[in-house]
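Chain and residue survey
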Amino acid sequence: MMLDLMSGFVQELRSAGLPVSLTENLDAMEAVKHIPMEDREAFKYALAATLVKNSAHWRAFETVFEVYFSLRGAQYDIDGEGDLDDLLREMQDQQGEGRGPGGGSMDQLSQEELMMLLYRALMQGDEALLRALARQAVSRFAGMEPGRPVGGTYYLYRTLRNIDLDSMLEKLMEATRQEVGGELTALEERLERDEYTQRIDKLRKEIEAEIRRRLVADRGVEAMAKTLRKPLPEDVDFMHASRDEMVALRKALQPLTRKLAARLARKRRHGRKGPLDFRSTVRHSLSYGGVPAEPKFKYPRPAKPELVVVADISGSVAAFARFTLMLVYAIQNQFSKVRSFVFIDGIDEVTEFFRNCEEITEAIHRVNTEADVVWVDGHSDYGHAFEVFWERYGRDVSPKSTVLLLGDARNNYHASQAWVVKEIRHKARHVYWLNPEPRSYWNTGDSIVNDYGVHCDGVYECRNLRQLEGFVEKLA
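To keep things clear, this report deals only with the structure shown in the data block. In this text the structure is predicted, and so the values were computed from the model without any measurement. (Residues numbered from 1 in each chain as written. Predicted model: local features only at pLDDT ≥ 70, side-chain atom pairs only at ≥ 80, totals over all residues. Heavy atoms only, no water.)

**A word on the overall build of the chain**
Each helix and strand in the chain was counted, giving 20 helices and six strands. Across the chain, every contact between residues at least 6 apart in sequence was considered, and the portion connecting residues at least 24 apart equals 71%. Total accessible area computed for the chain in this model is approximately 25100 Å², and 50% of it derives from carbon and sulfur atoms. (Helix = DSSP H or I, 4+ residues; strand = E, 2+ residues; numbered from the N terminus. Contact = heavy atoms within 4.5 Å. Areas by Shrake-Rupley, 256 points an atom, 1.4 Å probe, with all protein chains shown as cover.)

**Some details on helix H16 (residues 360–370)**
Three- or four-residue spacings in an α-helix give side chains the same orientation, since the helix completes a turn every 3.6 residues. Here H16 has its buried residues at Ala363, Ile364 and Val367. Summarising the axial view, the buried residues of H16 lie within an arc of 100°, below the 170-degree limit, and thus occupy one face. For H16, the exposed residues set more than 90 degrees away from the buried face come down to His365 and Thr369. As for H16, its buried residues are in contact with helix H14 (318–330), strand E2 (337–343) and helix H15 (351–354). (Buried < 20%, exposed > 50% of the residue type's maximum accessible area, 1.4 Å probe, protein only. Arc of directions from axis to C-beta.)

**Points about the pattern of salt bridges**
Throughout the structure, instances matching the rule amount to 28 salt bridges. In this structure, Arg366 and Glu370 form a salt bridge, with 3.3 Å as the shortest nitrogen-oxygen distance. In this pair, Arg366 and Glu370 both sit in helix H16, four residues apart, roughly one turn of the helix. Residue Arg366 is classed as partly exposed on the basis of its relative accessible area of 29%. Three or more residues joined by partner-sharing salt bridges are found here, namely Arg40, Lys44, Glu62, Glu66 and Arg212. (Salt bridge = Lys/Arg side-chain N within 4 Å of Asp/Glu carboxyl O.)

**Some words on unusual backbone geometry**
Within the chain, Ala409 stands out as a residue other than glycine whose phi angle is a positive 60°. Its place among the elements puts Ala409 in the loop between strand E4 (401–406) and helix H18 (419–427). In this structure, Tyr413 is a non-glycine residue whose phi angle is positive, near 65°. Residue placement: Tyr413 occurs in the loop between E4 and H18.

**Focus on the packing of aromatic side chains**
By the definition in use, this model includes 28 aromatic pairs. Here the aromatic rings of Phe343 and Phe386 are separated by 5.6 Å at their centres, their planes lie at 65°, and the arrangement is edge-to-face. Here the residue Phe343 occupies a position in strand E2, and Phe386 occupies one in helix H17 (residues 382–393), the gap between them amounting to 43 residues. Both residues of the pair, Phe343 and Phe386, count as buried. One aromatic cluster in this structure is built from Phe9, Phe43, Tyr45, Trp58, Phe61, Phe65, Tyr68 and Phe69. (Phe/Tyr/Trp six-rings, centres within 6.5 Å; stacked < 30°, edge-to-face > 60°.)

**What about the side chain of Glu234?**
Tracing the backbone shows Glu234 in the loop between helix H11 (221–228) and helix H12 (243–269). Setting aside chain neighbours within four positions, we find Glu234 in contact with His57, Asn464, Leu465 and Arg466.

**Concerning the packing of helix H3 (residues 40–51) against helix H4 (residues 58–68)**
Running from amino to carboxyl end, H3 crosses H4 at an angle of 135°, the nearest separation of the two axes being 11 Å. As far as their axial angle goes, H4 and H3 are oblique. Crossing geometry of H3 relative to H4 is assigned as right-handed. Residues Arg40, Phe43, Lys44, Tyr45, Leu47 and Ala48 of H3 lie in contact with H4, whose contacting residues are Trp58, Phe61, Glu62, Phe65 and Glu66. Here the contact of H3 with H4 is built from residues that sort into seven nonpolar, no polar and four charged. (Axes fitted to C-alpha atoms, helices over the stretch in contact; angles between N-to-C directions. Parallel < 35°, antiparallel > 145°, perpendicular 65-115°, else oblique. Left-handed = near helix turned anticlockwise from the far one by under 90°. Nonpolar A, V, L, I, M, F, W, Y, C, P; charged D, E, K, R; others polar.)

**Description of the packing of helix H7 (residues 127–142) against helix H8 (residues 152–163)**
Between H7 and H8, the shortest axis-to-axis distance is 9 Å and the interhelical angle comes to 105°. Of the possible angle classes, the one that applies to H7 and H8 is roughly perpendicular. Residues Ala137, Val138, Phe141 and Ala142 of H7 form the contact with H8, whose own contacting residues are Tyr155, Arg158, Thr159, Asn162 and Ile163. Within the contact of H7 with H8, the residues separate by chemical class into six nonpolar, two polar and one charged.

**Considering the environment of Asn162**
When you line up the elements, Asn162 lands in helix H8. Spatially, the C-alpha atoms of Asn162 and Ala142 are 9.0 Å apart, while their sequence positions differ by 20 residues. Look past the residues within four positions of Asn162 in its chain and what remains in contact with it is Gln111 and Phe141. There is a polar contact of 2.7 Å between the side chain of Asn162 and the backbone oxygen of Arg158. (Polar contact = N/O pair within 3.5 Å; in protein donor to acceptor, adjacent residues only side chain to side chain.)

**Some remarks on the environment of Ile344**
The topology assignment puts Ile344 in the loop between E2 and strand E3 (347–349). Along the backbone, Ile344 and Ala385 are 41 residues apart, and their C-alpha atoms lie at a distance of 7.2 Å.

**Regarding the sheet that holds E4**
By definition, the strands of a sheet pair up through backbone hydrogen bonds, in either a parallel or an antiparallel sense. The sheet built from six strands is open, its strands ordered E3-E2-E1-E4-E5-E6 with mixed pairing. Two strands bound the open sheet, and with one partner strand each, they are E3 and strand E6 (458–461). Across the sheet, the mean angle from the axis of one strand to that of its neighbour is 20°, orientation sign disregarded. Across five bridges, E4 lies against strand E5 (residues 430–435) in parallel orientation. Within E5, the position partnered with Leu405 by the bridge is Trp433. Sitting on the sheet, helix H20 (residues 465–472) is in contact with E4, E5 and E6, with an inclination near 175° to E5. (Pairing = 2+ DSSP bridges.)

In structure tokens:
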């Protein structure tokens, strides 16, 4: 049973994008042998220590864990409602209460009595009672029905709306002020507010976990894991990322650039062997009686390429261009020179914005606010932008240059001027096109990827950081 559960758990982690190898799977199985199975937190962190290698993957791991192990342990059994009543009676016996607020069973509490009990649990920081009240609140207010095709967010909203946690914080703060018999100092106010906020967040998480447990019991582990599965930061689509996902992308970018820079430097340092060094081979063959038993090769001296980036920053592709520029400039020491140009229907060089700039985000902000990229109406016109680029900067493209063209090639039915890309290819070392749209969208509507792609060394789909990372490794 445990082996099957772990197998399904690891498979779901892989489906969510976490790179879990066979060795790490075996390490996890060995680690849980030394963990008391009844200690759910220890079990969770033992698995995390062996299966999670990137802090950005923690939330995805935690979601999968909570689904697969949501019903494990007596305290998480959704049928054990009698335990809640036992907890209430025990608390009342300790306080010498009769009926009082909630005398008897949890189900007999009125909403006012339930809120009073909740208020008391938050004041005292009673985690066991908060967990019991979270279960009772879900039972009473969520309105969950077996087989009903409704997401957990809806049930969470219904439950939180009925217990009104927003006003609870101020009630708790007011009670604290009355206890001390006056106003709190600024420090005391902040500390108390932080403590109560933390307790309220704990309650909210307990309610969310209880809803998830009931949904798992109703729909099954696999179905819920698939429903709750969210992409890792490196798999988030640039063109459809939410605000929170954009924040996660920015956090994931910094460690990615460090890893990429180290990998590219190592690749250049330990590149494949150069041509045969005949003189050295003959000289060393003397120790073998003239037999060239140990061929010697010249050390390759790979030149760092010059990089020219030409990026469309219009509309939805702006996020893709922004992250690509940030990535390129974070590893710019891997190139001998980097020049950047941005366009919509006009084009402007923005290399100076990045020069001697300590914070790349500041340079990106200047690109978005100061670059002169509008020629007529601010709608994409690749043909005009490329034509102006060739007239102004074409002479700077050399056999050392690798040119990156970034955009979805949606040209609003203007002339393509694809001859410009052809001319650039004749002068440059390489020309690559990076497109943030799925391949199935290419050459549909006003997309003219093929018009440009036939003159490029390669056209790559780069919808997320993982694909962008894979391409950048090919550059150096």
